[in-house]
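# Structural overview for review
The residues making up each chain are set out below.
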Amino acid sequence: MRAEQESAVHGGTEQDPGKSGGSDGRTPNGEAVIVRAPTEARNSGTYDIDLLPALDVLRQINAEDTTVAAAVAAVLPELARAVELGVAALERGAGIHYFGAGTSGRIAALDAAELPPTYGVPPEWVVAHHAGGGEALVRAVEGIEDDWESGRIDAAAVTPGSLVVGLAASGRTPYVGGALEAARERSAATVLISANPDAPLASGADVHVGVSTGAEVIAGSTRMKAGTAQKLLLNAFSTAVMVRIGRTYSNLMVGVDATNGKLRGRVVTILVEATGLAEETCAEALSEAEGDTRVALVSLLAEVDATTAARSLEKARGRVRTALANLGLPGQETPGA
């Protein structure tokens, strides 16, 4: 709750948290908020970091970084629940929306931007909303992350059945809280990714992925371990969603559309890896499939023409293994497909 994790300060005097706003994370204008979260704690192991030579500074940073992967591993069950919510949203024709401010928002924008070229998915499948808009991606816009209503406004594009993923290292960012609140009102599923297991906003999310990264090397610098954890979590989340939605075959990217010479060469290599056939054969199949990697792959593996492969893929909702199984190839079943 807010009363346990933060307090307001006016004119240098700490005020009663119960009078400075609700437990939902809203921040009244002009209020200084002291956040009492793990990400704001002082790291007792780096008190003298400013006295060290460069190599030892880097060693301390690296030593702290090595703890992040284990912290992420501890919340994989919660992340798996988030993945299934993402898959469900896409399968019902809705989308996934990321909301974040500062480092969290920039990481979200990067993840969303990389999915269309990597997996050949429409950009509206995963959309990132950064507090302050595009300008704030490259230059900090002061105060915008404290605006609960701004989060609500940016969530106006969320439709029923979508998934909203809020990212907030402290777990209390008002912008993210507003977006989560508006998402629930629009019958969207909600996930909070934070670096605070006791995040104030967690009660407003269907799933809370609260990774315990602890105190940063430099107190409060959540672009460090907390940011690294968010990058790992979002990479894993979106990759797992793409795998579960059928945008891969084995560990190969098969959603890539061969729209230029370089991509055609990459896709031919993928087809060779997946089928064991000659480059010339794979290139010919890709041409007959009009550059559609999955159509070419199903055509080659099932030994059918491109039209038959395309029809089978359509019935299989784009999943290569399901399309192959429907064409009589054994051993293609996938769990939950």
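Please read all numbers here as calculations on a predicted model, not as lab measurements.

Moving on, we come to the overall build of the protein. Check the secondary structure of the protein and you find 14 helices and 10 strands. Across the 337 residues in the protein, those meeting the buried criterion constitute 47%. In the protein, the proportion of contacts linking residues at least 24 apart, taken out of those at least 6 apart, comes to 65%. Accessible surface for the protein amounts to roughly 15,700 Å². Of this, 51% is attributable to carbon and sulfur atoms.

Glancing now at helix H12 (residues 293-302). Of all 10 residues that make up H12, nine are buried, and the element is covered over most of its length. The elements touched by buried residues of H12 are strand S9 (248-249), helix H10 (261-275), helix H11 (279-288), helix H13 (306-315) and helix H14 (320-326). Put simply, Asp292 is the residue that caps the front of H12, since its side-chain oxygen is 3.1 Å from the backbone nitrogen of Arg294. At the exit of H12 stands Glu303, carrying a positive phi of roughly 55°.

Counting residues in hydrophobic clusters, the biggest one holds 38 residues, and the most contacted among them are Ile96, Tyr98, Val165 and Phe237. Listing elements by their share of this core, those giving two or more residues are helix H3 (68-73), helix H4 (76-91), strand S4 (96-100), helix H5 (102-119), strand S6 (163-168), strand S7 (189-194), strand S8 (207-210) and helix H9 (225-244). Sorting elements by how many residues they give to this core places H9 first, with seven residues. In this structure, Phe237 is in contact with Leu79, Ala82, Val83, Ile96, Tyr98, Leu163 and Val165, ignoring residues within four places of it in sequence. Listed in part, the 27 residues of the second largest apolar core include Val268, Cys282, Leu286 and Leu324.

Leaving glycine out, the prevailing phi sign among residues is negative, and the prevailing peptide bond configuration is trans. The phi dihedral of Ser187 is positive, around 60°, even though this residue is not glycine. By secondary structure assignment, the location of Ser187 is in the loop between helix H8 (174-185) and S7. Residue class for Ser187 comes out exposed when judged on its relative accessible area of 54%. At Glu290, a residue that is not glycine, the phi angle is positive and equals roughly 55°.

Conventions used here
Residues numbered from 1 in each chain as written. Predicted model: local features only at pLDDT ≥ 70, side-chain atom pairs only at ≥ 80, totals over all residues. Heavy atoms only, no water. Helix = DSSP H or I, 4+ residues; strand = E, 2+ residues; numbered from the N terminus. Buried < 20%, exposed > 50% of the residue type's maximum accessible area, 1.4 Å probe, protein only. Contact = heavy atoms within 4.5 Å. Areas by Shrake-Rupley, 256 points an atom, 1.4 Å probe, with all protein chains shown as cover. Polar contact = N/O pair within 3.5 Å; in protein donor to acceptor, adjacent residues only side chain to side chain. Core = buried A, V, L, I, M, F, W, Y, C linked by side-chain atoms within 4.5 Å.

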